[in-house]
Amino acid sequence: MTAQIIDGKALAEELRQGFKARVEALTAKGHKPGLVVILVGADPASEVYVRNKVNGCLAIGMHSEKITYDAAVNPEIVLKKIAELNADPNIHGILVQLPLPRHFDEEAVLEAIAAEKDVDGFHAENVGALAQGNPRFIPCTPYGVMKMFEKGNVDLTGKEAVVIGRSNIVGKPMALLLINAGATVTVCNSRTKDLKFHTRRADILVAAVGKPKFVTGDMVKPGAVVIDVGINRLPDGKLCGDVDFASCLEVAGQITPVPGGVGPMTITMLLANTIEAAERKAALAD
Ligand code: NAP
């Protein structure tokens, strides 16, 4: 059996094309969606992510800007800027690129962003709303995965879903979304005993581990939907996921590639959240 490949790049492009009309309509009413991305330090991977986010906005007619700070910046300066952006009527989304340097209290920074501009969905208020099954902003990566299920007509109700990873950015919100969708969810972590026992009974398997080619074909239930969230750089410079694509392709029913899978969907859902934020604000103003 060779799995069907879920093309995240094509789906991302299709969604982005669809966003253009919403951006135009908002702009015409004086609510051009605006996203500010704050970058602290000069981590090369973060710089690429931030550039892609800003360019993704600009490509569909949104406003977007990057604000950069030296890695040694006083956190108070960043918090003051966030307060200014919270009050700026032209800015609908504020995103602080993670990770932050060690002298920052990451949680305090995320909490400083106004919940209605928290397009990453990391503010406690938005995390709480998601946990209650009534999400306001869904974290972009798991949101993108849900869109892929939707596109692929993957019915999650009653399915065994296994998420490998429990981070606040991916694993936990992914698990909440699957719970909300009616799946029976198991969340694994580095202490999980007999990981394979869990993965082999998964109809839906999401890998968010951060270890190249960690999930191998013998860990996958025949016909399962395998979602690879991982982005790892190999010594030869190539990107690879947390899933050993070659061996899993032969066992799974559907599978996402890396690159071209979940990655392009993440930025797409950031655009979606920012447009949504602008639409909510426009609705209040009308
Ligand atoms: P993270 O914060 O490092 O979390 C990794 C998780 O994997 C942890 O919960 C960890 O368990 C678990 N884990 C580690 N080794 C394990 C093992 N042997 N067995 C079972 N679980 C294990 O990483 P993250 O931020 O969630 O990101 C995960 C991956 O997704 C990374 O490759 C990252 O680059 C990628 N990513 C991609 C996107 C995208 O747009 N596609 C977005 C975000 C992240 P413990 O909690 O016990 O340590």
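Participant: Help me out: how do you make sense of the nonpolar core in this one?
Facilitator: Most often, soluble globular proteins have nonpolar side chains that are buried together. Phe149, Met174, Leu178, Ile204, Ile227 and Val229 are the most contacted members of the largest nonpolar core, which totals 50 residues. Of all the elements, helix α10 (residues 262-285) adds the most residues to this core, at 10 residues. Counting the residues that make up this core, at least three belong to each of domain 1 (29-115) and domain 2 (140-263). Beyond its immediate sequence surroundings of up to four residues, Phe149 is in contact with Val154, Leu156, Met174, Leu178, Ile204, Val225 and Ile227.

Participant: Is there a simple way to think about the site of the ligand in this case?
Facilitator: Taken together, 21 residues form the shell around the ligand, and within it Arg166, Ser167, Asn189, Ser190 and Thr266 come nearest. Within the contact set of the ligand, a nitrogen atom lies 3.3 Å away from a backbone nitrogen or oxygen of Val229. Between an oxygen atom of the ligand and a side-chain N or O atom of Thr266, the distance comes to 2.7 Å. For the ligand, the protein covers 71% of the area, taking 920 Å² as the surface of the free molecule. Counting residues per element, the shell around the ligand draws most heavily on α10, at three residues. Within the shell around the ligand, the residues separate by chemical class into eight nonpolar, 10 polar and three charged.

Participant: Help me understand the side chain of His123 in this model?
Facilitator: Relative to the assigned elements, His123 resides in the loop between α4 (106-112) and α5 (124-131). For His123, a relative accessible area of 9% translates into the label buried. Residue contacts for His123: discarding those within four places in its chain leaves Leu110, Glu111, Ile113, Ala115 and Asp118.

Participant: Help me out: how do you make sense of the sheet that holds strand β5 (residues 160-164) in this one?
Facilitator: Two pairing modes exist for strands in a sheet, parallel and antiparallel, and in both the strands are linked by backbone hydrogen bonds. An order of β1-β11-β8-β7-β5-β6 is seen for the six strands of this open sheet, with the pairing classed as parallel. A single partner strand is all that each edge strand has here, and the edge strands are β1 (4-5) and β6 (184-188). Where β5 lies against β6, five bridges are found, and the strand directions are parallel. Within β6, the residue paired with Ile164 across the bridge is Cys188. Along the sheet face, helix α7 (residues 171-180) touches β5, β6 and β7 (204-207) and points at about 170 degrees away from the line of β5.

Participant: Explain unusual backbone geometry to me, please; I cannot follow it from the model alone.
Facilitator: Where the residue is not glycine, phi is negative for most of them; where a peptide bond is considered, it is trans in most cases. Omega for the peptide link from Leu98 to Pro99 comes to 0 degrees, which places this bond in the cis form. Here Asn153, not a glycine, exhibits a phi torsion of approximately 50 degrees, which is positive. Tracing the backbone through its elements, the reader meets Asn153 in the loop between α6 (140-151) and β5. Backbone geometry places Asp194, a non-glycine residue, at a positive phi of 55 degrees. Here Asp194 shows up in the loop between β6 and α8 (195-199). Judged by relative accessible area, Asp194 falls into the exposed class, the value being 52%.

Participant: What is the right way to read the domain arrangement of the protein chain from this model?
Facilitator: The extent of an interface is frequently quoted as the accessible surface area lost upon association of the parts. Domain boundaries assigned for the protein chain yield domain 1 (29-115) and domain 2 (140-263). Once you take the C-alpha centre of each, domain 1 and domain 2 turn out to be 28 Å apart.

Participant: What is the right way to look at the pattern of salt bridges in this model?
Facilitator: If the charged atoms of two oppositely charged side chains come close together, the side chains can form a pair. Applying the stated criterion across every chain yields a total of 10 salt bridges. Where Glu160 meets Arg201, a salt bridge forms, and the shortest distance between an N and an O atom there is 2.9 Å. Of the two residues, Glu160 is situated in strand β5 and Arg201 in the loop between α8 and β7; the sequence distance between them amounts to 41 residues. By relative accessible area, which is 27% here, Glu160 ends up partly exposed. In this structure Arg201 comes out as partly exposed when scored by relative accessible area, which is 25%.

Participant: For this particular structure, what's the right way to read the sheet that holds strand β3 (residues 63-69)?
Facilitator: Here we have three strands laid out as an open sheet, ordered β3-β2-β4, and parallel in their pairing. The sheet is open, and its two borders are formed by β3 and β4 (93-96), each paired with just one other strand. Adjacent strand axes in the sheet meet at a mean angle of 15 degrees, parallel and antiparallel pairs treated alike. Relative to β4, strand β2 (residues 34-40) runs parallel, the two sharing four bridges. Considered in β4, the bridge of Leu35 is made with Gly93. Contacting β2, β3 and β4, helix α3 (residues 75-87) runs over the sheet at an angle of about 180 degrees to β2.

Participant: What is the right way to look at the side chain of Asn232 in this model?
Facilitator: By secondary structure assignment, the location of Asn232 is in strand β9 (residues 232-233). Those residues within four positions of Asn232 in sequence are excluded, and the remaining contacts are Gly210, Lys211, Pro212, Lys238, Leu239, Cys240, Gly241 and Asp242.

Basis of the calculations
- Residues numbered from 1 in each chain as written.
- Predicted model: local features only at pLDDT ≥ 70, side-chain atom pairs only at ≥ 80, totals over all residues.
- Heavy atoms only, no water.
- Core = buried A, V, L, I, M, F, W, Y, C linked by side-chain atoms within 4.5 Å.
- Buried < 20%, exposed > 50% of the residue type's maximum accessible area, 1.4 Å probe, protein only.
- Helix = DSSP H or I, 4+ residues; strand = E, 2+ residues; numbered from the N terminus.
- Domains from an automatic or database assignment.
- Contact = heavy atoms within 4.5 Å.
- Near = heavy atom within 4 Å.
- Polar contact = N/O pair within 3.5 Å; in protein donor to acceptor, adjacent residues only side chain to side chain.
- Areas by Shrake-Rupley, 256 points an atom, 1.4 Å probe, with all protein chains shown as cover.
- Nonpolar A, V, L, I, M, F, W, Y, C, P; charged D, E, K, R; others polar.
- Pairing = 2+ DSSP bridges.
- Axes fitted to C-alpha atoms, helices over the stretch in contact; angles between N-to-C directions.
- Salt bridge = Lys/Arg side-chain N within 4 Å of Asp/Glu carboxyl O.

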